[in-house]
Amino acid sequence: MGLRERKKEKTRLALQDAAFELFLEQGYDSTTIDQIAAAADVSPRTFFRYFTGKDHLVLWFHEQTERTMLEALAERPPDEPPFASMTHALRALLRTMELSTPEDNARFLKVRRLLDANPHLASATFARVIETERRLVEAIAARRGVDPGRTPLPHLVVTFVMAAMRIGFTCPADPCGPREIVRRMEETLQLVERSLRPGWDV
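What comes next is a walk through the structure. Everything numeric here is computed off the predicted structure, so don't read it as measured data. (Residues numbered from 1 in each chain as written. Predicted model: local features only at pLDDT ≥ 70, side-chain atom pairs only at ≥ 80, totals over all residues. Heavy atoms only, no water.)

Digging into the packing of aromatic side chains
Worth spelling out the cut-off: When the centres of two rings from Phe, Tyr and Trp lie within 6.5 Å, Trp using its six-membered ring, the rings pair. Their planes under 30 degrees apart give stacked, over 60 give edge-to-face, and anything left gives tilted. Residue exposure (1.4 Å probe, protein chains only): buried if accessible area is under 20% of the type maximum, exposed if over 50%, otherwise partly exposed. The criterion is that NZ of a Lys, or CZ of an Arg, lies within 6 Å of the ring centre and within 35 degrees of the ring normal, and then a charge sits over that ring.
All chains considered together, the criterion is met by 4 aromatic pairs. On the basis of an interplanar angle of 50° and a centroid distance of 4.7 Å, the ring pair of Phe-23 and Tyr-28 is categorised as tilted. Each member of the pair Phe-23 and Tyr-28 is classed as buried. Members of the aromatic cluster, connected to one another through ring pairs, are Phe-47, Phe-48 and Phe-51. A cation over an aromatic ring shows up here: Arg-12 above the ring of Trp-60, its NZ or CZ 3.6 Å from the ring centre.

As structure tokens, then:
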């Protein structure tokens, strides 16, 4: 990253760290954007340069997940079977998670606590995942030159691969950080690959 990008990243993290502390200390609904901005030593106007609201701040990880996977898909050879392309996209995400710092892990665990304590955030997370899957289906369909409304293949490919992600995120370990989730995702993904390999041109 250049200097400008590093400064923006520092501000984003400061806003998230301030928000997570306030959410867990005084409750999500009781925390205002003005309070978050003040705790991060920025203006409310600056807050809105990074996030559209509190929900967006909490769900920012999902936005980055989608971007990482779509960018990885776009880089795959156009004639590659779609299932192989999707597994590469998920593994691109796993590589970013493997590089997580202790601070990243702490933020991740705070987000999980917030989701557990706020059902509407859990519902928003589910809706965001569904939106990501829709965009991945569209990307796979475009690579195959098919209409996703007429053929189930793009939906099937995305569903199989995203199942590995869901299993990873429901790991029973407590606390369950990014590295444990990566391990579970990779194990599940390998199981899916072994199941589909014989004779499947997907």
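Digging into the packing of helix α7 (residues 102-117) against helix α8 (residues 119-144)
We count it as follows: In this analysis, axes come from line fits to C-alpha atoms, helices being fitted only over the stretch in contact, and the angle between any two N-to-C directions falls in the range 0 to 180 degrees. Here a helix means four or more residues in a row that DSSP labels H or I, a strand means two or more in a row labelled E, and each is numbered from the N terminus. Angles below 35 degrees are treated as roughly parallel, those above 145 as roughly antiparallel, those between 65 and 115 as roughly perpendicular, and all remaining angles as oblique. What makes two residues a contact is simply this: any of their non-hydrogen atoms within 4.5 Å. Think of it as three bins: nonpolar holds Ala, Val, Leu, Ile, Met, Phe, Trp, Tyr, Cys and Pro, charged holds Asp, Glu, Lys and Arg, and polar takes everything else, Gly as well.
Between α7 and α8, the shortest axis-to-axis distance is 5 Å and the interhelical angle comes to 110°. As summarised for this structure, α7 and α8 are arranged roughly perpendicular, according to the angle between their axes. Contact with α7, carried on its side by Leu-114, Leu-115 and Ala-117, involves Pro-119, Leu-121, Ala-122 and Thr-125 of α8 and no other residues of that element. A breakdown of the residues in the contact of α7 with α8 according to their chemical character gives 6 nonpolar, 1 polar and no charged.

Brief notes about the nonpolar core
Nonpolar side chains in soluble globular proteins generally cluster together in the buried interior. We apply this condition: For the purposes of this section, nonpolar cores are sets of buried Ala, Val, Leu, Ile, Met, Phe, Trp, Tyr and Cys residues that join through side-chain atoms within 4.5 Å.
Within the largest apolar cluster, 26 residues are counted, with the highest numbers of intra-cluster contacts made by Met-69, Met-86, Leu-90, Leu-136, Val-158 and Met-165. Counting residues per element, the ones that place at least two in this core are α5 (60-74), α6 (82-98), α8, α9 (153-169) and α10 (178-196). Those residues in contact with Leu-136 that sit more than four places away from it in its chain are Met-69, Leu-70, Leu-73, Met-86, Val-158 and Met-162. With 19 residues, the next largest nonpolar core counts Tyr-28, Phe-51, Leu-114 and Leu-115 among its residues.

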